[in-house]
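A look at the structure
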Amino acid sequence: MGYPQDLLASRSIIKRGNFALIPPEGLVKNVVPGFEQCDLTILASPRLGAKFVDYVVTMHEGGKNVQGFGEAGVETFVYCMEGRVKASADKQSFSLQEGGYLYCPPGVKLYLENEQVQDTKLFLYKQKYVPLDGSEHAPWVVSGNVHELEAMDYDNMTNVKLKDLLPTDLAFDMNFHILSFEPGGCHPFVETHYQEHGAIMLSGEGIYNLDNEWIPIKKGDYLYMGPYVPQATYAVGREPFAYLYSKDCNRDAS
Ligand code: UGY
Ligand code: MN
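To keep things clear, this report deals only with the structure shown in the data block.

Quick notes on the rules
Residues numbered from 1 in each chain as written. Chains lettered and ligands numbered in written order. Predicted model: local features only at pLDDT ≥ 70, side-chain atom pairs only at ≥ 80, totals over all residues. Heavy atoms only, no water. Pairing = 2+ DSSP bridges. Helix = DSSP H or I, 4+ residues; strand = E, 2+ residues; numbered from the N terminus. Axes fitted to C-alpha atoms, helices over the stretch in contact; angles between N-to-C directions. Phe/Tyr/Trp six-rings, centres within 6.5 Å; stacked < 30°, edge-to-face > 60°. Donors = N, O, S within 2.8 Å, 3.2 Å for Na, K, Ca; no water. Tetrahedral: all angles 85-135°; square planar, octahedral: opposite > 155°, others 65-115°. Buried < 20%, exposed > 50% of the residue type's maximum accessible area, 1.4 Å probe, protein only. Near = heavy atom within 4 Å. Polar contact = N/O pair within 3.5 Å; in protein donor to acceptor, adjacent residues only side chain to side chain. Areas by Shrake-Rupley, 256 points an atom, 1.4 Å probe, with all protein chains shown as cover. Nonpolar A, V, L, I, M, F, W, Y, C, P; charged D, E, K, R; others polar. Lys, Arg positive; Asp, Glu negative; His and termini not counted. Salt bridge = Lys/Arg side-chain N within 4 Å of Asp/Glu carboxyl O. Contact = heavy atoms within 4.5 Å.

Attention now goes to the sheet that holds strand β13 (residues 157–164). One open sheet holds the eight strands; their spatial order is β1-β2-β18-β15-β20-β14-β13-β12, and the pairing between them is antiparallel. Edge strands, defined here as strands with exactly one partner in the open sheet, are β1 (13–15) and β12 (152–154). Strand after strand, the sheet turns through a mean of 25° between neighbouring axes, direction not considered. Here strand β2 (residues 19–22) runs beside strand β18 (residues 222–225); their pairing, made up of four bridges, is antiparallel. Bridge pairing in β18 places Ala-20 opposite Tyr-224.

This is the structure in C-alpha cells:
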C-alpha cells in the first residue's frame, strides 16, 4: 500500500519556545496510561517550551479514562469538539456535547467516558496550578457550554467576538477563551505579551502572523504561541475563523 501523503511537503512548523503549528495530517498516536479505546496525541508540552500540556483525544465506542486524569497540584480542562462524553469532576458528572467543557481544580480528578457508539472528539489540557499567597482564593469546578455564553465585541470591533469560558476571579491562574473572526475580521494590532497560548482551530481559515511570518491556518490545526511571540491574524474564506485557546492570567511574572 502506498502512502497517501507527499512526504516532501509538510505544513508543520516547530520553533521550540517560540511558536509551533501542528496540523492534523501530521499527528501521531501516543499511549497515555488510563486512556482506553482512545486515539490520543500530545500537542504542546514542556518539551516544546510550554508550561502546560495539550492533547487531542478521539474516544471510540467504549472509550474512557476511569482511572482519573490529573495529578497532585495540577488543574485540568476538557472541551468537547464532537460527539457526547460523560465528564466527571470526582463525583460530579456532566454530559458534554459539542461546545461543552469542564474545568477541574487541583485535587479534583477528571473522569471521561464516551456516551455514544460513534467517536467523540475532545481537546484536553493540564497545567501545574500556581496558587496565590493566602489560600482564601481557591479555584472551583466549572462546567458550561460555549453556545450559552455571552459573546463580547473584541476591542470594540463588531466583527470579532470573544467568549471567556472560566470565571475572571483571581483564584484562576488561567482561562480558556474562544475568539471568532468574521471573514475579513482581524486583531486590532500585533500583540506581544508575556503569556503563552495553546490554540485549536474550531472553524474557518485565517492567515496568522507568528513572529512576523504569515502562515495559512485552518480548522483542525493546532498552534502553540510562546511567551512574547508577536501574534495577529485575519480571517479569510466564507465562515467565521474561530479558535479555542488558553491564556495564563492573574499572576505576577515568575
Ligand atoms: O487574548 C489574547 O492574547 C489573544 N488575543 N491572542 C491571540 O488571539 N493570539
Ligand atoms: Mn495573545
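Before going further, it helps to spend a moment on the packing of aromatic side chains. Scanning all chains against the criterion turns up 18 aromatic pairs. One aromatic cluster is present, formed by Phe-52, Phe-77, Tyr-101, Phe-123, Tyr-125, Phe-176, Tyr-222 and Tyr-224 through successive ring pairs.

For the manganese ion (ligand 2), every protein donor is listed as Glu-191 (OE), His-193 (NE2), His-197 (NE2) and Gln-231 (OE1), and the spread of their distances is 2.1 to 2.3 Å. Considering all six donor atoms around the manganese ion (ligand 2), angles at the metal cover 77 to 172° and the coordination shape is octahedral. Read in sequence order, the donor residues for the manganese ion (ligand 2) give the motif E-x1-H-x3-H-x33-Q. Among the residues examined, His-193 registers a relative accessible area of 12% and is labelled buried. Classification of His-197 by relative accessible area gives buried; the value is 3%.

The next point concerns the pairing of strand β17 (residues 213–218). With six bridges connecting them, strand β16 (residues 205–210) and β17 associate as antiparallel partners. Directly across from Asn-209, in β17, lies its bridge partner Trp-214. Hairpin connection, β16 to β17: the antiparallel pair is bridged by two residues, and Asp-211 has positive phi, about 55°.

Contacts to ligand 1 come from Tyr-154, Leu-179, His-187, Glu-191, His-193, His-197, Tyr-208, Met-225, Gln-231, Tyr-243, Tyr-245 and Lys-247. Between an oxygen atom of ligand 1 and a side-chain N or O atom of His-197, the distance comes to 3.1 Å. In this structure, a nitrogen atom belonging to ligand 1 sits 2.7 Å away from a side-chain N or O atom of Gln-231. Within the complex, the protein chains bury 96% of what would otherwise be the 270 Å² of accessible surface of ligand 1. No other element matches strand β20 (residues 241–248), which puts three residues into the shell around ligand 1. Along the lines of polarity and charge, the residues of the shell around ligand 1 split into six nonpolar, four polar and two charged.

Another point: unusual backbone geometry. Phi is positive for Asp-155, close to 50°, though the residue is something other than glycine. One can find Asp-155 in the loop between β12 and β13. One non-glycine residue with positive phi stands out, namely Asp-211, at about 55°. For Asp-211, the location among the structural elements is in the loop between β16 and β17. A residue is classified by how much of its surface remains accessible, and Asp-211, at 35% relative accessible area, is partly exposed.

Here Asp-54 lies in strand β4 (residues 52–69). It is Lys-126 that comes nearest to the buried, bridge-free Asp-54 among opposite-charge side chains, at 11 Å. Sequence-distant contacts of Asp-54, defined by excluding residues within four places in its chain, comprise Thr-41, Ile-42, Leu-43, Ala-44, Phe-123, Leu-124, Tyr-125, Gly-198 and Tyr-222.

Geometric descriptors of this kind do not, in isolation, establish any biological role.
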